[in-house]
Amino acid sequence: MSAVLAHGLRKTYGDKAALDGIDLDVGHGTVCGLLGPNGAGKTTAVRILTTLLRPSGGRAEVAGFDVATQPRLVRRNIGLVGQHTAVDELLTGRQNLELFGRLYHLGGAAARVRADELLERFGLEHKGAAKEYSGGMRRRLDLAAGLILAPPVLFLDEPTTGLDPRSRAEIWRVVRDLVSDGTTVLLTTQYLEEADQLADRISVIDAGRVVAEGTPDELKAKLGGDRLDVVIHDPGRVGEAAGIVERVASGPAEVDHDTRHVSAPVSERVRALTEVLAALSAAGIEAEDVALRRPTLDEVFLDLTGGGAK
Amino acid sequence: MSTISTKERRLWWALADGWTVARRDLIHWANQPMTVVFGVLFPVMITLAFGYLFGGAVKVPEGADYFAFLMPGMYGMTMLFGLSATMVAVATDASKGVTDRFRSMPMAPSGVLIGRAIADLLHSVLVLAGLLVCGLAVGWRPATLPGALGAVGLLLLLRFSLLWAGMYLGLLTRDPGAVVAIQTLEFPIGFLSNAFVAPDTMPGWLGTISEWNPLSATVAAARELFGNPGWGGVSWVAQHSVLMAVLWPLAITVVFFVLSVRLYQRLDR
């Protein structure tokens, strides 16, 4: 049985489809990344799966319960960390966690104990009100509030947007710890690096549809394997070099005249490398650097979404 | 052995969760006592300004002291101002995702609105108590204790009805900044009433609107029950102010309670 399951999930506003039939299948204890540009439908999907929004069509199950017909049972099994830091800024961290603990019906004493545990675990033993917290601390408090019941399924909607690299790394560490304890995580992100770092499987969403699905490696492989990068010494001969590279490459070359950089997908790694080097030296073009590499998720993403993200 | 029905359990949790949500406001007060102090002092300051600045210029029915006429008007006005306070609180939670967090939790959905109602009503009791003390200090006197309790009850009933209007507006706008528009409306609604002057001193049509203003009904009823000088209007609505001071808030409550609950359940925009 899957932790999160969606079939043909749709959400329409008038004749505009925010979600145009998406399928998801997230296994227990794994991380699923929903990757897509702003307005792709990631948040709409999370809002439906966390019972905040009723779908216009299709069906979804979370922790084995139907989101439309068993919302109370779904809510018992999920934690939601939304895009905004949804804590009471006038309360201290402890007061926030106690409040949410009571609303989870833990009772006063148990809510206090759980608040203490979470404060210690997330390094939040700050005495002041949450509005005095740094952005990273507030985000950790937000995350802690979503973990009060230790939910089997956790939804993170752009958990690190707007955070500095150190705070981002801290959130990543927390997510990895949770997953190693068996929590299922569904996270949305615009950051390809984040999906690459955390997700076992990624669904790339664009305009309300899943345009690609797979492990990070599978998605990278979809772009036609390896890429050949060449840096040319003489700025005047970059265009000429691009022509040479394209004769060997399996697709069009990308050229950056400022950095004198030519990059193109190649199907046969070593043959392409030797042929390009031979052709360049025959033409008398000096290469400063030559490298074979796997494509980044950025390139996969731009390819799949038609360049909509930049 | 008795078993508790699901319905009773739900009601119990709705009230328990409502109290937990209301407690959150009480903790705000404890964390930031100055906010509460200023909340109490603001209407006191307005009252003193009105009473001493305009008191000499306004002719009061029965030749009474202006404060005797003004105080019930200020009590009513303070209840009206609660509208924007409720709206800001609700809109802030909605805009920051706190409302979404509540809705994604297995708590009673009605607990959020019940909690808001409890907290804001308690706040209004505090503010009204401060203003009553101020009234006593400047020479205003209620005639009888039962009458005074009845008047306070009607004032809080008006506040209770405006709670739901505030919740509706907060959920509708989801933007605490939109409160400026509501505050801009509160003043004309407040002045277009019998709170400060008698409607029969206004141009005819304006006087009629003013007489039918729900605030006028509550203020006129409060004056009657407090035993303070009224303005003695002859129209039906002026003659039945206590009845109208019950009917108006009940009507407002019913309409906005239904609208707020519906909007809360369908925050799925």
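Residues numbered from 1 in each chain as written. Chains lettered and ligands numbered in written order. Predicted model: local features only at pLDDT ≥ 70, side-chain atom pairs only at ≥ 80, totals over all residues. Heavy atoms only, no water.

K.L.:
Would you explain the overall build of chain B in this entry?
P.N.:
Tallying secondary structure elements over chain B gives 11 helices and zero strands in all. Over its C-alpha atoms chain B spans a radius of gyration of 20 Å, differing by no more than 12% from the 18 Å that the globule rule assigns to 269 residues. Counting only C-alpha atoms and orienting by the principal axes, one finds that chain B spans roughly 65 × 40 × 40 Å. Here chain B holds 269 residues, and 50% of them are scored as buried. Taking as baseline every contact in chain B between residues at least 6 positions apart, the subset at least 24 positions apart corresponds to 83%. As displayed, chain B offers around 12300 Å² of accessible surface, 72% of which is attributable to carbon and sulfur atoms. Averaging the coordinates of the 17 positive side-chain charges in chain B and doing the same for the 14 negative ones gives two points 10 Å apart. (Helix = DSSP H or I, 4+ residues; strand = E, 2+ residues; numbered from the N terminus. Rg over C-alpha atoms; globule rule 2.2 N^0.38 Å. Buried < 20%, exposed > 50% of the residue type's maximum accessible area, 1.4 Å probe, protein only. Contact = heavy atoms within 4.5 Å. Areas by Shrake-Rupley, 256 points an atom, 1.4 Å probe, with all protein chains shown as cover. Lys, Arg positive; Asp, Glu negative; His and termini not counted. Charge placed at Lys NZ, Arg CZ, Asp CG, Glu CD.)

K.L.:
Help me out: how do you make sense of the packing of helix α3 (residues 66–96) of chain B against helix α7 (residues 179–191) of chain B in this one?
P.N.:
The axes of two packed helices give the description: the angle between them and the distance between them. Residue and element names in this part refer to chain B. Contact geometry of α3 with α7 gives a least axis separation of 10 Å together with a crossing angle of 170°. Judged by the inter-axis angle, α3 sits roughly antiparallel to α7. Two secondary-structure elements touch here, α3 through Met77, Leu80, Phe81, Leu83, Ser84, Met87 and Val88 and α7 through Val179, Ile182, Gln183, Glu186, Phe187, Ile189 and Gly190. Considered class by class, the residues forming the contact of α3 with α7 number 10 nonpolar, three polar and one charged. (Axes fitted to C-alpha atoms, helices over the stretch in contact; angles between N-to-C directions. Parallel < 35°, antiparallel > 145°, perpendicular 65-115°, else oblique. Nonpolar A, V, L, I, M, F, W, Y, C, P; charged D, E, K, R; others polar.)

K.L.:
So what exactly am I meant to see when it comes to the packing of aromatic side chains here?
P.N.:
Each aromatic ring pair is characterised by the separation of its centres together with the angle its planes make. Residue and element names in this part refer to chain B. Going through the model one piece at a time under the given rule, you end up with 16 aromatic pairs over all chains. Between the aromatic rings of Trp164 and Phe257, the centroid separation amounts to 4.9 Å while the plane-to-plane angle is 75°, which identifies the pairing as edge-to-face. Here Trp164 is found in helix α6 (residues 145–173), whereas its partner Phe257 is found in helix α11 (residues 241–265), with 93 residues between them in sequence. Relative accessible area serves as the criterion here: at 5%, Trp164 is assigned to the buried category. Positioned above the aromatic ring of Phe69, the side-chain terminus of Arg223 is 3.7 Å from the ring centre. (Phe/Tyr/Trp six-rings, centres within 6.5 Å; stacked < 30°, edge-to-face > 60°. Lys NZ or Arg CZ within 6 Å of the ring centre and 35° of its normal.)

K.L.:
Could you clarify how one ought to interpret the nonpolar core in this entry?
P.N.:
Proteins that are soluble and globular tend to have nonpolar side chains buried together. Formed by 64 residues in total, the largest nonpolar core has its most connected members in Leu97 and Leu143 of chain A together with Phe102 of chain B. The leading source of residues in this core is helix α6 (residues 165–180) of chain A, at six residues. What Leu143 of chain A contacts, discounting residues up to four positions off in sequence, is Val81, Phe122, Leu154, Leu156, Ile171 and Val174 of chain A. Among the nonpolar cores identified, the runner-up in size contains 40 residues, and Phe69, Leu132, Val219 and Phe226 of chain B belong to it. (Core = buried A, V, L, I, M, F, W, Y, C linked by side-chain atoms within 4.5 Å.)

K.L.:
What is the right way to look at the pattern of salt bridges in this model?
P.N.:
Any two side chains of opposite charge can pair, given that their charged atoms come close. Residues and elements named next belong to chain A. For the structure on display, the rule yields 29 salt bridges over all chains. Across the salt bridge formed by Arg166 and Glu170, the nearest N and O atoms sit 3.7 Å from each other. Residue Arg166 and its partner Glu170 are located together in helix α6, separated by four residues, close to a single helical turn. By relative accessible area, Arg166 is classed as exposed at 65%. (Salt bridge = Lys/Arg side-chain N within 4 Å of Asp/Glu carboxyl O.)

K.L.:
Would you explain the UniProt feature "transmembrane region" (unreviewed entry) in chain B in this entry?
P.N.:
Taking the UniProt record as the reference, the feature "transmembrane region" (unreviewed entry) is found at residues 33–54, 66–92, 113–138, 144–165, 177–197 and 242–264 of chain B. For the annotated span residues 144–165 of chain B, helix accounts for 95% and strand for 0% of the residues, and the straight-line distance between the end C-alpha atoms is 32 Å. (UniProt positions renumbered as here; feature names shortened; annotations may be inferred.)

K.L.:
Teacher, can you tell me more about the domain arrangement of chain A here?
P.N.:
In terms of domain boundaries, chain A breaks down into domain 1 (2–220) and domain 2 (225–294). Each of domain 1 of chain A and domain 2 of chain A was reduced to a C-alpha centroid, and the two centroids are 43 Å apart. (Domains from an automatic or database assignment.)

K.L.:
When you look at the layout of surface pockets in this model, what are you seeing that I'm missing?
P.N.:
One simple way to see leftover space: roll a probe sized like a water molecule over the atoms. In this model, the largest pocket occupies a volume close to 1100 Å³. Lining the largest pocket are 38 residues; nearest its centre among them are Thr35, Ala85, Val88, Ala89 and His123 of chain B. By residue number, the principal contributor to the lining of the largest pocket is α3 of chain B, which donates 12 residues. The calculated volume of the second largest pocket comes to roughly 940 Å³. Arg72 and Arg75 of chain A together with Met107, Ala108 and Pro109 of chain B are, among the 35 residues lining the second largest pocket, the residues nearest its centre. (1 Å grid on protein atoms, 1.4 Å probe; cavity = no way out; pocket = protein on both sides within 12 Å on 5 of 7 lines; lining within 4 Å. Points joined across faces, edges and corners; volume = space filled by probe spheres on them.)

K.L.:
Even after reading the chapter, I still don't get the interface of chain B and chain A, so can you show me in this structure?
P.N.:
By a frequent convention, interface size equals the accessible area lost on bringing the separate parts together. Across the contact, 29 residues belong to chain B and 33 residues belong to chain A. Buried area between chain B and chain A, both sides added, is near 2900 Å², and the carbon and sulfur share of it is 54%. Inspection of the region where chain B meets chain A yields four salt bridges. Here Glu89 of chain A and Lys96 of chain B are joined by a salt bridge, their closest N and O atoms 3.4 Å apart. At the junction of chain B with chain A, the criterion picks out 12 residue pairs in polar contact (both at pLDDT 80 or more). Elements that contribute at least two residues to the side of chain B that touches chain A include exactly α1 (6–31), α3 and α4 (98–103) of chain B. (Buried area = accessible area lost by both parts, 1.4 Å probe. Polar contact = N/O pair within 3.5 Å; in protein donor to acceptor, adjacent residues only side chain to side chain.)

K.L.:
Please clarify how the sheet that holds strand β10 (residues 209–214) of chain A should be interpreted in this entry.
P.N.:
Strand pairing within a sheet occurs via backbone hydrogen bonds; the two strands may be parallel or antiparallel. Residues and elements named next belong to chain A. Pairing is mixed in the open sheet, where six strands are placed in the order β6-β7-β8-β3-β9-β10. In this open sheet, the two edge strands, each paired with only one partner strand, are β6 (78–81) and β10. On average, each strand axis in the sheet is tilted by 15° relative to the strand beside it, whichever way the strands run. Two elements, β6 and strand β7 (residues 153–157), share four bridges in a ladder whose sense is parallel. Across the sheet, the residue bridging to Ile78 is Val153, located in β7. (Pairing = 2+ DSSP bridges.)

K.L.:
Looking at this structure, how should I read unusual backbone geometry?
P.N.:
Excluding glycine, residues mostly carry a negative phi; peptide bonds, for their part, are mostly trans. Residues and elements named next belong to chain A. Phi at Ala63 takes a positive value of approximately 55°, unusual for a residue other than glycine. As for its placement among the helices and strands, Ala63 is situated in the loop between β4 (57–62) and β5 (65–66). For Ala150, which is not glycine, the phi torsion reads 50° and is therefore positive.

K.L.:
Would you mind showing me how to read the pairing of strand β13 (residues 261–265) of chain A here?
P.N.:
Here is the key point about a regular strand: its side chains alternate between the two faces of the sheet. Residues and elements named next belong to chain A. The buried count for β13 comes to four of five residues, which makes it a mostly enclosed element. Here strand β11 (residues 227–232) pairs with β13 via five bridges, running antiparallel. By the bridge assignment, Val231 is partnered in β13 with His261. With three bridges connecting them, strand β12 (residues 254–256) and β13 associate as antiparallel partners. When the bridges of β13 are listed, Glu254 appears paired with Ser263.

K.L.:
I keep staring at the side chain of Thr99 of chain B and nothing clicks. Help me out?
P.N.:
All names here are of chain B. Relative to the assigned elements, Thr99 resides in helix α4. For Thr99, a relative accessible area of 6% puts it in the buried group. For Thr99, the side chain forms a polar contact with the main-chain nitrogen of Ala94, separated by 3.1 Å.

K.L.:
Would you mind showing me how to read the environment of Val125 of chain B here?
P.N.:
Position of Val125 of chain B relative to the elements: it lies in helix α5 (residues 109–137). Each C-alpha atom of the pair Val125 of chain B and Ala137 of chain B lies 18 Å from the other, and the pair is 12 residues apart in sequence.

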